[in-house]
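# Structural overview for review
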Amino acid sequence: MDSFLVILVAIMIVIGSAFTLVAALGLIRLPDVYTRMHAASKAGTLGSGVVLIALGIEAGDTGTLTRALAGVAFFLLTAPISAHLLAKASYAVGYRLSEQSVIDEMPKQGSRINSAEK
Amino acid sequence: MTLLVGVFFAVAIYLFLSKHIIRILLGAAILSNAVNLLIFTSGRLTREIPPILSGDSTVTGMVTANPLPQALILTAIVISFSFFAFLLVLAYRAYQELETDDTEEMRFAEPEDQEMPPLGY
Amino acid sequence: MKLFLVNVLLALTWAAITGFYSVLNFTFGFLLGAFVLYLIREQVGSVGYFSRAQRIISLFILFLYELVMSAIRVAITVLSPRMNLKPGIFAYRLKVDRDFEITLLANMITLTPGTLSVDVSQDKKYLYVHAIDCSDLDATRKDIANGFERKILEAFR
Amino acid sequence: MDAYMPSTTLFVLLLPFIAAIFAPALTRLFKHNAAWLLAIVPVAIFWHFSSFLPDVSRGEVVTGGYQWIPAFRVNFSWLIDGLSLTFALLISGIGALIVLYSGGYLKNHPHLGRFFSFILMFMGSMLGLVTSDNFLMFFVFWELTSITSFLLIGFDHKREASRRAALQALVVTGGGGLFLLAGLLLIWNVTGISEMSLLLLSHGALADSPFYIAIFVLVLGGAFTKSAQFPLHFWLPNAMEAPTPVSAYLHSATMVKAGVYLLMRLNPVLGDTVAWETVLPIFGGTTLIIGTLLAIRQTDMKLMLAYTTVSSLGLLVMLTGFGNEKAVEAAVLYLVAHSMFKGALFMVAGAIDHEAGSRDVTKVGGLMSSMPIIFAAAFASAFSMAGLPPFFGFLAKEEIYAGLWHVEAWPLLLTLVAIVGNGLMFVIGFAVALKPFLGERKAPNGHVHDGPILLWLGPAILAICSLVTALFSSVTHAFISSPMSTAVEGEPVSVHISIIPHIGMPLLLSLVTIAFGIVAYRNLARMREAMARLLAAIGWGPDKGFDQFIRGTVRISFHVTQIVQPGRLEFYMKTTFIVLAIAVLVPMFMFDELPGLPTMPESLSFYETAIMAIAAAGLLSVLYAKDRLTAIVSLGIQGFAVALLFMLFGAPDLSFTQFMVETLSVVILALAMTRLRLTPADHRPAGKKVVDMIISVIGATAFVMLLLKVTQLPFDATLSEFFTRYSLSIAHGANIVNVILVDFRGTDTWGEIAVVMVAGLAILSLIRIQLRPAVPIATNDPSEEERR
Amino acid sequence: MITEPAALADWLVIAPLAWCIVLGALLLMVRKDTRLQPYIAIPGLAALVLLDAALLAHVVVNGPVTMTMGRWLPPFGISFTVDILGALLCLTAGIAAFAGGIYGAGDVNHSGRRYGFYPFLFLMMAGVSGAFLTGDIFNLYVWFEVLLIASFGLLILGSERGQIDGATKYAFLNLVATTLFLIATGYLYGIFGTLNMADIALKAPAMRDKAPMITLVSLYLLAFGMKAAAFPVNFWLPASYHTPRVVVSALFAGLLTKVGVYALMRVTLVLFPAERDVLGFIIAIIAAATMIIGAMGALAQTDFRRLLGYLVISGIGVMFAGLALASPGGVSGTIFYAVHSMIVMTALYLATGLAARAAGGFSIASASGIYSSHLFLAAITLVLFFAVSGLPPFSGFWPKVILVKASLDVGAWWLAGVILVTGFLTTIAVGRVWVLSYWRPSAGTAVADDEEAVVLNPMVDYLPLLLLTALVVIIGIFPQQILELSQTGSEQMLNPVDYIRSVFPQGDQQ
Amino acid sequence: MRTLIFRTVAPFLSSLMVLFSVFVLLRGHNEPGGGFIGGLIAASAFAIYGIACGVSPVRRALYFHPMAIAGAGLMMATIAGLLSIFTGVPFMTGLWVYIPVFGEELALSTVLLFDVGVYFVVVGAITSIALALEERSTD
Amino acid sequence: MIDAAALLEGAVLLSLTLLCLSFILTVIRVVRGPTLPDRILALDMLVATAIGFIAVIGIKTGYTLYVDIAIALGLVGFLATVAFARFILARGNVRDDDFDTAETSNAEKTDG
Ligand code: NA
Ligand code: NA
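Below, the discussion takes up the interface of chain E and chain D. With 127 residues of chain E at the interface, the matching set in chain D holds 111 residues. At the boundary of chain E with chain D, total buried surface from both sides reaches about 10600 Å², with 76% on carbon and sulfur atoms. Looking at the side of chain E facing chain D, the largest losses of area belong to E:Phe76, E:Tyr115 and E:Trp439, adding up to 8% of the total buried there. At the surface where chain E touches chain D, the tally comes to one salt bridge. Note that D:Arg745 is salt-bridged to E:Asp136, the shortest N-O span being 2.8 Å. Summed over the shared surface of chain E and chain D, the result is 14 residue pairs in polar contact (both at pLDDT 80 or more). With 13 residues, helix H7 (residues 161–192) of chain E is the largest single contributor of residues to the side of chain E that touches chain D. Counted by class, the side of chain E that touches chain D contains 84 nonpolar, 25 polar and 18 charged residues.

Counting residues in each nonpolar core, the largest one holds 770 residues, and the members touching the most others are D:Phe49, D:Trp750 and E:Phe272. Looking at this core element by element, the count peaks at 22 residues for helix H3 (residues 67–98) of chain B. Two domains share this core, each providing at least three of its residues, namely domain 1 (2–45) and domain 2 (48–156) of chain C. Once residues within four sequence positions are removed from consideration, D:Phe49 is found in contact with D:Val12, D:Leu13, D:Ile80, D:Leu85, D:Ala88, D:Leu89, D:Leu127 and D:Thr131.

Bringing the side chain of D:Thr561 into the picture now. All names here are of chain D. As for its placement among the helices and strands, Thr 561 is situated in helix H23 (residues 542–564). By relative accessible area, Thr 561 is classed as buried at 5%. Among the polar contacts made by the side chain of Thr 561, one reaches the main-chain carbonyl oxygen of Ser 557 at a distance of 2.5 Å.

Moving on to the pairing of strand E2 (residues 79–82) of chain E. All names here are of chain E. Neither face of E2 is open: one carries Ser 79 and Thr 81, the other Phe 80 and Val 82, and all of them are buried. Here four bridges tie strand E1 (residues 65–68) to E2, and the two strands are oriented antiparallel to one another. Among the inter-strand pairings, Thr 66 is bridged to a residue of E2, identified as Thr 81.

Let us now look at the packing of aromatic side chains. Residues and elements named next belong to chain D. All chains considered together, the criterion is met by 70 aromatic pairs over all chains. Ring geometry for Phe 87 against Tyr 261: centres 5.2 Å apart, planes inclined by 80°, an arrangement best described as edge-to-face. Of this pair, Phe 87 sits in helix H4 (residues 82–105) while Tyr 261 sits in helix H12 (residues 257–270), placing them 174 residues apart in sequence. Among the residues examined, Phe 87 registers a relative accessible area of 2% and is labelled buried.

So, about the interface of chain D and chain B. If you look at the interface, chain D gives 111 residues, while chain B gives 85 residues. Note on chain D versus chain B: buried area summed over both sides is about 9200 Å², and carbon and sulfur give 73% of it. For the chain D face of the interface with chain B, the top three residues by lost area are D:Phe649, D:Leu707 and D:Leu766, together amounting to 7%. Here chain D is connected to chain B by zero salt bridges. Our enumeration of links across chain D and chain B arrives at five residue pairs in polar contact (both at pLDDT 80 or more). For the side of chain D that touches chain B, the element with the highest residue contribution is helix H28 (residues 686–711) of chain D, accounting for 13 residues. Residues that form the side of chain D that touches chain B fall into these classes: 65 nonpolar, 23 polar and 23 charged.

Reading the values: the criteria
Residues numbered from 1 in each chain as written. Chains lettered and ligands numbered in written order. Predicted model: local features only at pLDDT ≥ 70, side-chain atom pairs only at ≥ 80, totals over all residues. Heavy atoms only, no water. Contact = heavy atoms within 4.5 Å. Buried area = accessible area lost by both parts, 1.4 Å probe. Salt bridge = Lys/Arg side-chain N within 4 Å of Asp/Glu carboxyl O. Polar contact = N/O pair within 3.5 Å; in protein donor to acceptor, adjacent residues only side chain to side chain. Helix = DSSP H or I, 4+ residues; strand = E, 2+ residues; numbered from the N terminus. Nonpolar A, V, L, I, M, F, W, Y, C, P; charged D, E, K, R; others polar. Core = buried A, V, L, I, M, F, W, Y, C linked by side-chain atoms within 4.5 Å. Buried < 20%, exposed > 50% of the residue type's maximum accessible area, 1.4 Å probe, protein only. Domains from an automatic or database assignment. Pairing = 2+ DSSP bridges. Phe/Tyr/Trp six-rings, centres within 6.5 Å; stacked < 30°, edge-to-face > 60°.

In short, shape yes, function no, at least from these values alone.
Set out below in structure tokens:
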């Protein structure tokens, strides 16, 4: 495997890990669950995705690579949905936004949505 | 590693001694991990060489991680997972039916006030 | 017809993930795909978009780009020593009305800078979006409207 | 014991049991007249055994039998000598009369058929007991007599008294049986002999063995309970709850003599020792006196007879204990006499009860005219019991005094005991035989008469026997007394005594006895008062003791059980883990299986350490989680950490599965907990926490030390090498682990998926089945059907 | 490195197990057809009995038989090795299950069947058979788990609240027990690097001075002791056995604890005899304590079923006594007693179920008058009572005598004494039940009386009971066959050369 | 959780997961995977499907009751073991047949059949649990 | 080539460090909470980190077969988040994670 790919892989994994770390930091620093979701769903997904693709490249056979890509695609498909579900659920059962929040146009009927589930 | 196994066991046993079913459940989950690690360790450790043969030839010389304990643990994991699931649902039902998760209060099978058997004939 | 197309696509996916393309493997993948479609036959009614593979892919690429951007934005936000956030949830008036399009839009909004779609109103008129920075909502709304929503409409109308 | 010839004896021994099966049906057909048919069985048995008389009288010993359990050297073998033959004849002979008598006594009883089959079963057991040669066969029949007597005493099960009496008999004789079993097995161990016949040939084998005392005590335990020796006599009077035929048959004529039979049987091998010749007379004598005294106190005829039976048994034991020739002859004669007169008197009592409506000597009287036959029988039997000529009892009495006079140790005291005992029996005998018949007429029932033949035939014949056997004493001696005495004594003995009184010490003593008896008879009422007062003063007896024993046992058991089974899971868990710690640590220290000092762990790279740290962190946060969600998620953390460890140590399949399983566990936890309100934070007091912590740390230490020890051993990796070598070449699989799972050790996985499937089904049932509020018994209830 | 092709007869080794699993799976597939199930299950159980009988005959004729799965030469593949002990217990278990299956047709309602009574039953039999037949210690663990989870399933198939409680305690404590088993096996693998029992038996002497063998064996003793409900780790049994449906209790009483005893015998006698000798006295003490505690517990109970539960325990004590002696007599006594106990305890629970139906409850305080209302049932029960007390001429008598004699042979007076005293206490306990609930006339109010007595079905209710009781009597009167089997079985256990040779025909291992 | 967004995507997610699970099952013999893990993935797929679109669609989709599927799986595995009786070799002996299809050589074996059995057992059991629990928490 | 390999080695170690760090941060968030969704989010994040970790180890050891494990983990991770969101909803209205009130209210709403 030529050194270009090796270097590419090296860079990718570092970037990926970095993104993951950023996401984790966001998890710690951001004020409320909704803002933290931004960090997790974006940086987190991207981080793991990049590293995975790096692995695919490093493997050097199309099968693994395509699988890695498919996996990443799957993450990209699922990440927003889990974020959406989590946010919706939290909001529905009444976890409020942080004090810093400036606006909330969401209808305040958590219990209605909740009962709509059942 | 051995020490880690010890920690696992200590925590598991400690949880088992609790009187809340839920804690005992957590204990069960941890216990199965403890056991798996124990088997894994007593099968001796080798690092990072999975017991998967490179497809082309039957290499006999290469030292892979000991595959047998892994197989045993796999079986054990599956079994203890099944048990865990069962116990969990059992606890769930127990809570529903007996309105408690405190084993002190679970006295339906062996009630507190057992009457002395009749002494006549 | 659509069904068959989806099926072929699934078969291709199969061939892709198993990693070796051969008649045999493809056939197997095709059968699997048929099986899978059987599983979801009820929802297949709404499968109307494979015809536009081309534009979808372009959309996908845009989306990837936006994703990276947003990740970086988050990084900056998080790493900046003192973050002055104006988070909040705002309602977004939807133009797209088909379930699939709404879903797609919502997901893309989530994965793009500073926004995260929380829910769709019961009547599918509004999309509730959480944003890290609600200082200028009109701008944000405009971005969405001219960004993904337009591209989606292009891709699927 | 090698030559086993087929024999009708086997059939004869089984015959009663066979008959017992058909008894109910026959009774349903012929009502009480079935007695005539069923009596054929004992008669036939009597006939068969009497065919042995000539040989046995010539001093021969007939043995025979079949292999029963060769694997355990147990034979179904019989030993027929004077002793067993006499018993067999008594059992079958009196048995026939009893069957007939029952037909009359229990006429129109709804369960007469059941009664017949019980009686026949008992008869079979008793026959087996006295004829069996093999120890275990003997014991089997011994216990069978206990069981059948349990059923017969409780025959009238609707009355609490009979239930109590039955249980009492079972417990006492059953307990004695255990002693006997131990004794017999011990004899078997010591001598290696398991047959009576062989044992009798081995003179001194037991008496000299170091285990003699143990064997002696154990055998006595069996004999004394069965033969109601003081202080274990109390069950016998209570057994009078049984219908009178039972009392007459089991509790006077036959079963209670099983103990005496045992002593007589073993006299040649166990006798002639100091222990034997002191213990037996002491217990026998005490029983004799106490029995008679207690008898005085009674007014119920059956109870009077029962207590005299106790004392007679005492007398027999006493005589057997002396072991001198005369005493043995006396014992033999008295045993035969007693069976006849006591059986008769019981039947008389029953007849009176049946006809006059009461068995209380104070409530009935003047029946002589209306039941002449019964009176005659009673009178004759009373004579025999009192030891007056010309009845068989007289011979016995003479021989008793003769025997006593030959005793080395304090003959005077023993003679006195005998005189008092005999005198009082004289009193009781006549009290039963005369009081109901003489004096002014009184009876609860109006028209009183002898009743059906079935009712009077038995006593009459027995009375006649008492007379005839005495008149033709030489014949009796030739065929019965001498052979039996020979068997008991172990060397040839011939009995000569006859009814022609010859001047001598025995005759004198008899006269003294009679005089004493007459005086006592006159003051019977006053003596009764005195006894009543005395017993009231004592206020406690072994009979009360029995109740206290049973209640005490139950109470103690109850409290012990409460302690060891408190019903608290926490207690159970704690005990389990403490035992675990002990089970691992104690052997380790005791047998020096401790590990060497742990070698410094193989250099861990920082991320391995980090992962382990994370695992530990996860564990701790599970412990100290404020709320259950934290606990669950922390569970996930440690699970992931373990999975990563597996990966680092080259087990991809493991970590694969571990990841999946851990995530799913967490998911299921979450799904199942949507409804639960469970608080994982434990509210235990700090003290308990510390204790638990100590327990768990010790337990963990145990495991760690053992693990260290194990990993310090050289490892034998033959199997793994084999798998690695052939996985691809023969099993066509590169992933060795999976090949092991589905091929090398596929059977494990087979069972494993069975577990998975069953777990799935079990969980489904758990979720779906609706519980009903507690009801005692499960019945088919449609409400249990679930919705879908 | 590959074994000879298997003769068709050797398939008997796996047949009972495979049969149980196939039928279990089949019955699961027709789960919803509750009417059909008994018609599949009962013939299936009968066939199982036949298979077991055939297997026993095969073993008696040819000595221990081995089949190594996947024809991987032992110790590499999993060997099933059957000696007389395994086959005999397998057959007995089959018979007990057969009786239970018939009884269940009447006792288990539709929801019970729909939720898998018969599948559970068959899978439990699979676990039991597997445990008796396998020759591989880890595989033994797997079958333990199969029967355990199946027993869970049966345990909760009821409708009382006490059941959930009992099930909880049963489940957690048994989980601990099997986990201990697994732990011990993990250590064992670490020591020997092999799992085939015969192989371990061969390698054990070499390791004796190096490895922590006694600790290992005492760990196994604890694990199996707990499965067998030996004192002081017997709690789970009295806590749970009285809660499920009677037929389930019956099956448990017949099958579960005996598997623990079997495993303990296998491990201590065949694998680690030397270590067993070291622990012999401990085992004897455990045996004595278990016997006494069991008998006392029985005396202390008001509820039929709990009383029986304690009788099971004291029976376990008796079996441990033979194991403690480890002499030919002792072991054969244990084997014989195991057979007796499996049959008689199952029968007793079934009888108790009928008695409760007849008398309207399980409490000896209230139930009464059964002797008048159901004479036949009473007769059978009385036989069983005498049998369980070890009175002749019933099946309980001979093993007890053998064990007493064996104890005397080695001069263990006290053990012999305890065995006898236990019998005595048991007699009192069951005697009281008989007196109170059978003889005592019914109060006449709600409980069944001669007139409106509860009608019991001669087929599903009495047939299984009759079958078992007949065995109890026959074994009691003609114990020769069973005794011979037990003796040969104990020889095979105490001197397992045949066992080992059947696994390693050519003596060596490669 | 029948939100529009989730409901729209879930079917395709789960179908992809099922696909992947079969892949994991088949390649298990040579690389990590196998029946159990494959089964778990498939079961999770159905769980997601159920949570998103409700239980009854899943039940209708599976057509058979999950437990019946599990039973069939166990049966299959057992039969895979028993097949070797016909070749006179012990229980559970792996038998391999190579069927040429389209010039490729398709390797079928009782071992594979066994692993498929495992797959079905796991799918059936876990799915039935998940669905039952889901039903409980929605009814 | 050599330096490339060395570079890769270094990169691997570096990223392992980063991942371990983020692991620890995430764990902190799990323990700290404060709210239920926070913990769930953290678990989700944990899965993502684990995936990254697996991939890096895969690169380190050259066993690319780890990619499947990573994917599978992603799948079930998604399931986990979904289930937890489901769990939040079913638990019903809460102000903060005062559990008893939360669960009593929930018990009233759903049980029976
Ligand atoms: Na597996
Ligand atoms: Na387990």
